[in-house]
Amino acid sequence: MVLQRELLLGWGFVFIAAFLDCFTLYVVKWRANAVGKLDLESIQQVKEYITVFAAHPLVWVAVLTFCMGPMFGYVALTRLELTAAYPVSITLHIIFTFLFGIALLNEPLTPNKCLGLLVMAAGLYFFFKQ
């Protein structure tokens, strides 16, 4: 019973860590879409861009999730094998990034992206198959 609880906690922490990391990426991309491209012509322009970029409160939530995500990942690694947790974590990152991009940023859903997700899911299936 204790082993099952530890495994559930471990996988839960992997899931939360991946979600928080991808949420951070989503907010950064969403805000960059709103503010525009970063012009690197001068330090003053970079400072102005960062000021405008950071003015939205959701950016500060993303800073918090940026810090929290790895903490959940570290806790997960204390409960799971690295060779199991890391491949799942990477796959979850890709899936969450895909979902945020499609659903929230209106990025195109292409057959190749869908096929790629299916290949990754099949890879995890065979990775864990005994």
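Just above, that's the structure.
Thresholds applied
Residues numbered from 1 in each chain as written. Predicted model: local features only at pLDDT ≥ 70, side-chain atom pairs only at ≥ 80, totals over all residues. Heavy atoms only, no water. Helix = DSSP H or I, 4+ residues; strand = E, 2+ residues; numbered from the N terminus. Rg over C-alpha atoms; globule rule 2.2 N^0.38 Å. Buried < 20%, exposed > 50% of the residue type's maximum accessible area, 1.4 Å probe, protein only. Areas by Shrake-Rupley, 256 points an atom, 1.4 Å probe, with all protein chains shown as cover. Lys, Arg positive; Asp, Glu negative; His and termini not counted. Charge placed at Lys NZ, Arg CZ, Asp CG, Glu CD. Axes fitted to C-alpha atoms, helices over the stretch in contact; angles between N-to-C directions. Parallel < 35°, antiparallel > 145°, perpendicular 65-115°, else oblique. Left-handed = near helix turned anticlockwise from the far one by under 90°. Contact = heavy atoms within 4.5 Å. Nonpolar A, V, L, I, M, F, W, Y, C, P; charged D, E, K, R; others polar. Polar contact = N/O pair within 3.5 Å; in protein donor to acceptor, adjacent residues only side chain to side chain. Core = buried A, V, L, I, M, F, W, Y, C linked by side-chain atoms within 4.5 Å. Patch = residues over 30% accessible without salt bridge, like charges linked within 9 Å, V, L, I, M, F, W, Y side chains within 5 Å. Salt bridge = Lys/Arg side-chain N within 4 Å of Asp/Glu carboxyl O.

This brings us to the overall build of the protein chain. Secondary structure assignment for the protein chain yields five helices and zero strands. The C-alpha radius of gyration computed for the protein chain amounts to 18 Å, which surpasses the reference 14 Å derived for 130 residues by more than 25%, pointing to a less compact arrangement than a globule. In terms of principal-axis extent, the alpha carbons of the protein chain reach across some 55 × 35 × 25 Å. Expressed as a percentage of the 130 residues in the protein chain, the buried residues total 27%. Put simply, the protein chain shows about 9,000 Å² of open surface, and 73% of that area lies on carbon and sulfur atoms. Of the side-chain charges in the protein chain, 8 are positive and 7 negative, and the distance between the mean point of each set is 6 Å.

Moving on, we come to the packing of helix 4 (residues 82-104) against helix 5 (residues 111-128). For any two helices packed against each other, the geometry comes down to the angle between their axes and how far apart the axes lie. In the contact formed by helix 4 and helix 5, the axes pass within 11 Å of each other and the chain directions differ by 160°. Here helix 4 is positioned roughly antiparallel relative to helix 5, judged by the angle of their axes. Seen along the crossing, helix 4 lies across helix 5 with a hand that is left-handed. Two secondary-structure elements touch here, helix 4 through Thr-83, Ala-84, Pro-87, Val-88, Thr-91, Ile-94, Ile-95 and Phe-98 and helix 5 through Lys-113, Leu-117, Met-120, Leu-124, Phe-127 and Phe-128. Looking at the contact of helix 4 with helix 5 residue by residue, the classes come out as 11 nonpolar, two polar and one charged.

Here the focus is the side chain of His-93. Relative to the helices and strands, His-93 is located in helix 4. At a separation of 2.6 Å, a polar atom in the side chain of His-93 contacts the main-chain carbonyl oxygen of Ser-89. Not counting the four nearest positions on each side in its chain, His-93 is found in contact with Ala-17, Ala-18, Asp-21 and Cys-22.

Moving on, we come to the nonpolar core. In globular proteins that are soluble, nonpolar side chains generally tend to be buried together. Counting 19 residues, the largest nonpolar core has Val-14, Phe-23, Tyr-26, Val-27, Leu-92, Phe-96 and Phe-100 as its most contacted members. The set of elements that each furnish at least two residues to this core consists of helix 1 (2-35), helix 2 (43-53), helix 3 (57-77) and helix 4. Setting aside residues no more than four positions away along its own chain, Phe-100 makes contact with Phe-19, Cys-22, Phe-23, Tyr-26 and Leu-105.

The next point concerns a nonpolar patch on the surface. The grouping of Tyr-74, Leu-77, Leu-82, Tyr-86, Ile-90 and Ile-94 at the surface amounts to a nonpolar patch, some 610 Å² of accessible area in total. Elements that contribute at least two residues to the nonpolar patch include exactly helix 3 and helix 4. The element that contributes the greatest number of residues to the nonpolar patch is helix 4, accounting for four residues. In this structure, Leu-77 sits in helix 3.

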